[in-house]
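For reference, the chains in residue letters:
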Number of protein chains: 2
Amino acid sequence: MMMTTRSSEQTTAAHDRLYRALRTRIMHGELAPGQALTLRGIGRDYDVSMTPAREALRRLVAEGALFLSSSGRVSTPELSNERIEELAALRALLEVELASRALPRAHMALIDRLQTINATIGEVVVNRDAVGYIRTNLEFHRTLYLRAQAPAMLAMAETVWLQLGPTMRALYGRLRRTDPPHYHKLIIAALKAGDEPGLRLAVRSDVTQGLRMLAG
Amino acid sequence: MMMTTRSSEQTTAAHDRLYRALRTRIMHGELAPGQALTLRGIGRDYDVSMTPAREALRRLVAEGALFLSSSGRVSTPELSNERIEELAALRALLEVELASRALPRAHMALIDRLQTINATIGEVVVNRDAVGYIRTNLEFHRTLYLRAQAPAMLAMAETVWLQLGPTMRALYGRLRRTDPPHYHKLIIAALKAGDEPGLRLAVRSDVTQGLRMLAG
DNA sequence: GGCGCGCAACTGTGATCACAACGCCCCCAT
DNA sequence: ATGGGGGCGTTGTGATCACAGTTGCGCGCC
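Residues numbered from 1 in each chain as written. Chains lettered and ligands numbered in written order. Predicted model: local features only at pLDDT ≥ 70, side-chain atom pairs only at ≥ 80, totals over all residues. Heavy atoms only, no water.

**Here's the deal with the interface of chain A and chain B**
Here is the rule: We call two residues in contact whenever any of their non-hydrogen atoms come within 4.5 Å of each other. Once two parts are brought into contact, the accessible area they lose, counted with a 1.4 Å probe and summed over both, makes up the buried area. We define a salt bridge as a side-chain nitrogen of Lys or Arg found within 4 Å of a carboxyl oxygen belonging to Asp or Glu. N or O atoms closer than or at 3.5 Å make up a polar contact, with two conditions inside protein: a donor-capable atom paired with an acceptor-capable one, and, for residues adjacent in sequence, both atoms drawn from side chains. Numbering of helices and strands runs from the N terminus; a helix is a DSSP stretch of H or I covering at least four residues, while a strand is a stretch of E covering at least two. Here the term charged refers only to Asp, Glu, Lys and Arg, the term nonpolar to Ala, Val, Leu, Ile, Met, Phe, Trp, Tyr, Cys and Pro, and the term polar to all other amino acids, Gly among them.
Each partner contributes to the interface: chain A provides 25 residues, whereas chain B provides 25 residues. Of the roughly 2100 Å² buried between chain A and chain B on both sides combined, carbon and sulfur atoms contribute 67%. Between chain A and chain B we count 4 salt bridges in total. As a salt-bridge pair, R54(A) and E55(B) come within 3.0 Å of each other at their nearest N and O atoms. The interface formed by chain A and chain B includes 8 residue pairs in polar contact (both at pLDDT 80 or more). Of all the elements in the fold, those that place two or more residues in the side of chain A that touches chain B are α3 (50–62), α4 (81–102) and α7 (151–173) of chain A. Element by element, the count of residues in the side of chain A that touches chain B is highest for α4(A), at 9 residues. Each residue belonging to the side of chain A that touches chain B can be placed in one class, and the counts come to 12 nonpolar, 4 polar and 9 charged.

**Digging into the domain arrangement of chain A**
All names here are of chain A. The condition that has to hold: Delimitation of the domains relies on an automatic or database domain assignment.
When cut into domains, chain A gives domain 1 (14–75) and domain 2 (81–215). Relative to domain 2, the C-alpha centre of domain 1 lies at a distance of 26 Å. Taken together, the 13 residues of domain 1 in the interface contact 14 residues of domain 2. Its largest share of buried area at the contact with domain 2, domain 1 owes to M27, H28 and P33, together 45% of the area lost on that side. In this assembly, domain 1 and domain 2 are joined by 1 salt bridge. One salt bridge in this structure joins E158 and R23, with 2.7 Å as the shortest N-O distance. One can count 3 residue pairs in polar contact (both at pLDDT 80 or more) joining domain 1 with domain 2. With 3 residues, helix α1 (residues 14–27) is the largest single contributor of residues to the side of domain 1 that touches domain 2.

The structure is reproduced here in structure tokens:
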């Protein structure tokens with residue numbers, strides 16, 4: 001079995017380490033749509049055998065993060081426009097609810113953190129760093145939704161993010177964004193004001209904005 | 001490799017057959033909460049080795065259908081009341097949207113089929129057949145939601161059903177139900193009348209009703 | 001120069017094995 | 001009678017292998 005533990009770092013299983021690493025890369029848009037992944041290739045890259053590689057990949061397939069061809073090959077998905085629209089609608093549905101549940105618990109410390117993250121987005125965006133933009137944007141949303149105290153709902157929202165990861169990378173590539181998302185400011189303002197309808201609208205608008213440039 | 005194909009029945013992979021069989025059993029409430037499953041046990045039951053059994057189980061864990069203990073053991077989940085409430089809220093969120101999207105496409109043939117299924121629920125319920133009740137009830141909902149033409153959203157709703165499967169079995173056991181769900185009739189009536197607000201309310205009520213008896 | 005065709009390398013699948021860790025149960029001491 | 005400790009059986013993990021299907025590339029033919 002070889003036991004490739006380098007020193008005494010982690011007690012977590014190898015397939016779990018693999019899964020986490022790949023999941024993060026996909027969600028942050030490090031992989032382009034249609035990118036192929038092989039068991040032996042993953043195994044080589046992460047210095048494990050096919051077995052844990054297979055488990056990590058199949059788990060990501062189960063979550064919709066990867067596409068499984070009829071012959072068993074896995075790759076990042078190339079989503080149809082209809083699928084993208086549906087996933088955006090799901091994001092809106094779930095995230096509006098999460099934001100609404102977070103609102104009563106949103107104290108000033110949270111709003112400060114959101115403003116800090118939003119400032120980081122502004123820095124990242126001028127460097128044309130697609131991965132950094134996606135990562136920081138998701139961090140903004142997750143920070144807010146964590147306050148909702150609804151783990152199952154948040155997990156489901158993250159699954160949608162995961163499915164959209166490669167597509168968002170491609171989307172960002174053809175998009176000449178030059179300023180941080182406008183609706184984030186509206187979200188923060190609605191949080192400060194305790195304005196629930198305004199918050200719902202702002203979140204819905206922020207989530208659906210990216211879609212519009214693709215369909216249009 | 002032994003190739004256990006009995007005659008020439010299926011070309012589908014063994015782990016996929018396993019996955020489908022277990023998923024159906026869990027979703028229909030054939031397994032009680034806390035039921036333990038072992039790789040070698042599953043392999044013995046379905047006449048395969050540990051490898052496909054492991055894949056099927058890990059996939060179900062990824063979907064939240066099974067619980068993975070810290071030591072790697074898998075079992076059906078024993079949900080906390082908070083978790084149940086959250087999953088019910090998710091059902092309401094997703095299914096209200098699915099029903100709303102199905103409404104404009106709901107023709108008479110669909111309504112007839114829903115009424116037929118609803119009649120079947122009435123038959124099943126007098127036999128105190130928990131599995132049959134859950135299966136037919138889900139068939140009622142799925143038949144309606146299929147018209148929404150929103151596969152990703154439907155898949156997410158099914159994932160929630162899957163997570164609730166064992167709990168719904170336990171719920172049904174302690175519940176002395178004697179008649180078919182009242183709100184199904186309201187759903188059908190709202191569909192006939194093209195009444196969208198009424199439909200949303202009826203679906204939300206139907207989905208949340210089961211929860212109330214647990215919390216109460 | 002373009003178009004098939006066939007072969008070789010590659011990929012996923014499932015079986016099997018070695019190993020370590022966990023759990024359970026029985027036995028003994030108090 | 002009861003509580004704790006030790007040992008054995010069971011469980012998951014990861015590596016490896018044989019095999020079959022697929023891919024794709026290069027060679028030869030038209």
